[in-house]
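Take a look at the letters that make up each chain.
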Amino acid sequence: MEISGKVGKVQAWILTIVRAILQTIVQNNLIMQALAITVAVLAVHTSFHGYAGFLVADLDSDQAIQALMAADLQLPADLYYWGQQRGGSITPVLGNFLLRHSHLSAIEAVSYSHYFVLIIGYIAFASILKTNIARILFALAWFLPMHRFGFLLMLGHPYAAQLSFLAMAIALINKLPQKIDWFRTILRHVMITAAVGCLYISLWASDFSLISLALLVVFAVLGILYRIWFAPVTLFSPKILSIPLLLILIALEIANILITSRYGSQFIRYAKAHASANEGLFGFNNLAQAKQLFDSVTHAIAQSVTFKLADHRWSNIIISAIVWFWIGIAIFLISYALLYLIKFWLRSQNFQLAPLRLSPWIGFFLINAAIGFVAIIFSEWVYVNSMQDASGGRYFVPIYIFIWFAALLLVEGIPSLAAKPFWVILLVVAVAGSATLPASVYGIEKFQPTIQRLQPLQQLGNAGIIGSHWASYLLCSVNPKALSCTQFDEYGQMFCPAADAPPVRRPSGRCFRCVDRVLNSPAIYLVKNQWLESFPDETEQFGECLVRTGEPFDLAGYTMAPYQRRSWP
């Protein structure tokens, strides 16, 4: 009996512990937290193996240039992408750091750096969200987006850095301490400085962030007015914060913002002053061009909603679901407003409405998306660079993220019962969007990575390569330390001038110093693909006469021939 009594006590003790553990799990929603983390990790893993530069089968020169920049980073000349005054070199800078402190290749270093930025961006966005289901859906939208917005994950595009640093700035602002004591006051200033710094890094990554920066200025002014209006509610432990003291604290914060912004603006001007090109990014379309772009976008949406795009089944489902989602949200908000007015008019205590807890960031992201859409439609740069071709969707990547995040914040803010159908719609959109990605992303189809296919180029040793934009930079990404490359000189002649004077080198291409490295290489190879019809006995490039020294040969899928500079007496 004594033994059975002890066993009963142990069983009761075990049951109590198990019950306490289960209660803790339920109360703290640990299952959903674990599921959110698991989905995010799986999404990162799948996305990385589908889009990392050294693993993809469709690596191109635009992506390979970032590996070349990381291998030969020279600041301040390389603060922007080679040959551009846009696309801040955040990934090459991080990649260069990895190269200096690891045994990674250049393409591996920039690939890991790019995904590091993406992961940090996701964490920042996720910290703003309140529910685990929203974090799960955003993990799918961020790491496994619709195929047409896959540029977010690709090297050579600014969207990952632009959006990630914008998210970091917003996350810092969102977490600013509200109850003020001396420690929290100092912490608040540190976070404000960091937030403004992140905003300018986002602007460095993409000039499109200028819209976000301007909007945040407006929101900051409104926030300051709000704090002054509700000053008696704000506590300065242990006393009530007086208006004069509050104004002093606000003045110090404004001074912090202005000083940090001054340094940020100076950095942007400094970077653009050292860029190798001066591009007209802020030209505007005329009304006819803007209408053409607008019609092309709205026509594609209308075709999808009416399921007339026979070859784009998933796109039809996604866009239709998105349209119906926003129609449903509009109907709900209008209905809620009417019920609230009825309740206010009847002044009934028995008529209760579940409160809306809408985040102020909803307005920021929706306004950002709307202004950004108008800016794209009226952008001459977008029009000239063929928004209507297969890659035109890349300009809408920020709009895609802004709308997704606003939708998640909206559904989080409405009563749980009304939110359920909206969560279902967003789940359909997220899953269907991920389903549009190529089968190779999920390992269903296997292709040889481009970098592996190009490995035979290592046998060229120390050499310079001249070819089309789409050949030269890509070939050198195999080993940037040994191979130097440049795109061909568009002003070059097929015949060399008379050898009566020493040559004068003519800078051309995206990277001027790369031209010197190529021409000073012990061996020079011209690549025929997408440039030459045949290899001439001699040709003039960059002011130098190049003479063929051997027969053409094929290597790694490219046809090339050896050349050397003509010697002078």
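Residues numbered from 1 in each chain as written. Predicted model: local features only at pLDDT ≥ 70, side-chain atom pairs only at ≥ 80, totals over all residues. Heavy atoms only, no water.

(A) Up close: the overall build of the protein chain. A tally of regular secondary structure across the protein chain gives 19 helices and 9 strands. By the burial criterion, 46% of the 569 residues in the protein chain qualify as buried. Residue pairs in contact within the protein chain that sit at least 24 positions apart in sequence constitute 69% of those at least 6 positions apart. Carbon together with sulfur atoms contributes 66% to the accessible area of the protein chain, which is approximately 29,200 Å² in total. (Helix = DSSP H or I, 4+ residues; strand = E, 2+ residues; numbered from the N terminus. Buried < 20%, exposed > 50% of the residue type's maximum accessible area, 1.4 Å probe, protein only. Contact = heavy atoms within 4.5 Å. Areas by Shrake-Rupley, 256 points an atom, 1.4 Å probe, with all protein chains shown as cover.)

(B) View of the packing of aromatic side chains. A complete count under the given rule lists 27 aromatic pairs for this structure. Taking 5.9 Å as the distance between ring centres and 65 degrees as the angle between the ring planes, the aromatic pair formed by Phe48 and Phe54 counts as edge-to-face. The interplanar angle of 90 degrees and the centroid separation of 5.6 Å between the aromatic rings of Trp361 and Phe364 together place this pair among those described as edge-to-face. You can see Trp361 and its partner Phe364 sitting in helix H13 (residues 361-377), 3 residues apart, about one turn around the helix. The exposure class of Trp361 is buried, given its relative accessible area of 8%. What makes Phe364 buried here is its relative accessible area of 0%. A network of ring pairs unites the aromatic residues Tyr122, Phe125, Phe138, Trp142, Phe143, Phe219, Trp361, Phe364, Phe365, Phe402 and Phe405 as a single cluster. (Phe/Tyr/Trp six-rings, centres within 6.5 Å; stacked < 30°, edge-to-face > 60°.)

(C) Molecular detail of helix H6 (residues 132-143). Taking 1.5 Å of rise per residue, the 12 residues of H6 would be expected to cover 16 Å, and the 16 Å separating its terminal C-alpha atoms lies within 8% of that figure. Within H6, 10 of the 12 residues are buried, which leaves it mostly tucked inside the rest of the structure. Of all the residues in H6, the buried ones are Asn132, Ala134, Ile136, Leu137, Phe138, Ala139, Leu140, Ala141, Trp142 and Phe143. Against helix H2 (30-51), helix H5 (106-128), helix H7 (159-174), helix H15 (397-413) and helix H16 (416-435) lie the buried residues of H6. (Expected span 1.5 Å × (residues − 1).)

(D) Here's a closer look at the state of the cysteines. Enumeration according to the criterion identifies 2 disulfides in this entry. Two residues, Cys496 and Cys545, share a disulfide whose sulfurs are 2.0 Å apart. With the S-S dihedral at roughly 90 degrees, the linkage between Cys496 and Cys545 falls on the right-handed side. With a gap of 49 residues between them, Cys496 in the loop between strand E4 (483-487) and helix H19 (512-519) and Cys545 in strand E7 (residues 544-548) connect regions that are remote in the sequence. For the pair formed by Cys496 and Cys545, the shared burial category is buried. The disulfide bridge from Cys511 ends at Cys514, spanning 2.2 Å between sulfur atoms. Linking Cys511 and Cys514, the disulfide has an S-S dihedral of approximately 75 degrees and is accordingly described as right-handed. Per residue, the accessibility class of Cys511 equals that of Cys514, and both read buried. (Disulfide = S-S within 2.5 Å.)

(E) Quick peek at the environment of Tyr336. With respect to the helices and strands, Tyr336 occurs in helix H12 (residues 313-346). What makes Tyr336 buried here is its relative accessible area of 14%. Discounting chain neighbours no more than four positions away, the residues touching Tyr336 are Leu353, Ala354, Pro355 and Leu356.

(F) Broad picture of the confidence of the model for the protein chain. For the protein chain, mean pLDDT is 83; residues scoring 70 or higher make up 82% of the total. Low confidence marks residues 233-239, where pLDDT is under 50. Its contacts with residues over four positions away, or in another chain, come to 11 contacts. (pLDDT = per-residue confidence, 0-100.)

(G) Just the side chain of Thr260, in detail. Tracing the backbone through its elements, the reader meets Thr260 in helix H10 (residues 243-273). Those residues in contact with Thr260, other than ones at most four positions away along the chain, are Thr193, Val196 and Gly197.

(H) Region of interest: the pattern of salt bridges. Taken as a whole, this structure holds 8 salt bridges when the rule is applied. Ionic pairing is found between Glu544 and Arg565, a salt bridge with its closest N-O pair at 3.6 Å. Of this pair, Glu544 sits in strand E7 while Arg565 is found in strand E9 (residues 558-565), placing the two residues 21 residues apart along the sequence. (Salt bridge = Lys/Arg side-chain N within 4 Å of Asp/Glu carboxyl O.)

(I) Looking closely at the packing of H6 against H16. Where H6 meets H16, the closest approach of the two axes is 9 Å, and the angle between their N-to-C directions is 25 degrees. Viewed along their axes, H6 and H16 adopt a mutual orientation that is roughly parallel. Judged by the sense of rotation from one axis to the other, the crossing of H6 with H16 is left-handed. On H16, the residues that touch Ile133, Ala134, Leu137 and Leu140 of H6 are Trp423, Leu426, Leu427, Ala430, Val431 and Ser434. Residue composition of the contact of H6 with H16, grouped by class: 9 nonpolar, 1 polar and no charged. (Axes fitted to C-alpha atoms, helices over the stretch in contact; angles between N-to-C directions. Parallel < 35°, antiparallel > 145°, perpendicular 65-115°, else oblique. Left-handed = near helix turned anticlockwise from the far one by under 90°. Nonpolar A, V, L, I, M, F, W, Y, C, P; charged D, E, K, R; others polar.)

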